[in-house]
Structure formats: C-alpha cells, structure tokens
Amino acid sequence: MQDIASILTSLCLVCTKNHYNTSWVAYIVQRLCSLLDTTKTKLNLLNCIADTFKDTVLDMYEYSNTDERDLELDHLITAQSEFMKEILPRAFCSIQSKETAI
C-alpha cells in the first residue's frame, strides 16, 4: 500500500506544479478502492496516502535548501489540499448513498 500511496502523492504534486486538475488522481483512488475487498483495506490505502503527504512535507522541510523549500512546500501543501477537495466529496457521497439505501 505504501508504494501506491507514494506514487499517488507524487502524481498529485506533479499535477499541482503543472497546474493540472487532481480530479483524475482522485478517480484513480476511487477505482483502486472499488477493487479492494474490505473497508479496512480501503481505509488503509487512504491513511497511507495521508501519511505519505505528511512524511513528504517533513522530509522536504528538513532536507531542502531554504531558497527552494518555501516554493516546494507550497506546491506540496496545495497538492494535498486539492487532492482532499476531490476525494472528500466522493467519499461523503458514497456514505450518503449507503445511508439512504438503509
């Protein structure tokens, strides 16, 4: 899961740096979740993505030069924010549709 989370985090960062929409990365996550068997596994993937963003921010802060660090951190935090804006409504809609079915 960690490798997939790392790739997805990198894709989000590339999208943000190049001013692309992160909705297709959110779509990839949605498709991956549909292939996973259990809710626990799906949550594990989402938690791994969140942890990878956190670890990347910390690594960038610690190991980057101060000149480029601010811009890189801005890109990374923006990437995380845009990804969350895409993924949270999708997750919320799926929860709502399950509640109305009950």
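Residues numbered from 1 in each chain as written. Predicted model: local features only at pLDDT ≥ 70, side-chain atom pairs only at ≥ 80, totals over all residues. Heavy atoms only, no water.

Focus: the side chain of Thr-9
Counting through the fold element by element, Thr-9 comes out in helix H1 (residues 2-17). With residues up to four places along the chain from it excluded, the contact list for Thr-9 reads Ile-49, Thr-52, Phe-53 and Thr-56. (Helix = DSSP H or I, 4+ residues; strand = E, 2+ residues; numbered from the N terminus. Contact = heavy atoms within 4.5 Å.)

So, H1
Given a rise of 1.5 Å per residue, 16 residues ought to cover 22 Å, and the 22 Å separating the end C-alpha atoms of H1 matches this to within 8%. Every buried residue of H1 is listed here: Ala-5, Leu-8, Thr-9, Cys-12, Leu-13, Cys-15 and Thr-16. All buried residues of H1 fall inside an arc of 160 degrees around its axis, so they share one side. In this structure, H1 carries Asp-3 and Ile-7 as exposed residues pointing more than 90 degrees from its buried face. (Expected span 1.5 Å × (residues − 1). Buried < 20%, exposed > 50% of the residue type's maximum accessible area, 1.4 Å probe, protein only. Arc of directions from axis to C-beta.)

Focus on the confidence of the model for the protein chain
For the protein chain, the average pLDDT comes to 84, and 89% of its residues sit at 70 or higher. Per-element mean pLDDT across the protein chain ranges from 76 in helix H4 (residues 66-101) up to 92 in H1. (pLDDT = per-residue confidence, 0-100.)

What to know about the environment of Phe-83
Mapping Phe-83 onto the fold places it in helix H4. Separated by 62 residues in sequence, Phe-83 and Asn-21 have C-alpha atoms that sit 9.0 Å apart. Apart from the residues within four sequence positions on either side, Phe-83 is in contact with Cys-12, Thr-22, Val-25, Ala-26, Val-29, Ile-49 and Phe-53.

Observations regarding the packing of aromatic side chains
Applying the stated rule across the entire model yields one aromatic pair. Both rings, one in Phe-53 and one in Phe-83, keep their centres 6.2 Å apart while their planes meet at 40 degrees; by these two values the pair is tilted. One end of the pair, Phe-53, is in helix H3 (residues 39-63); the other, Phe-83, is in helix H4, and 30 residues separate them in sequence. Judged on exposure class, the residue Phe-53 and its partner Phe-83 are both buried. (Phe/Tyr/Trp six-rings, centres within 6.5 Å; stacked < 30°, edge-to-face > 60°.)

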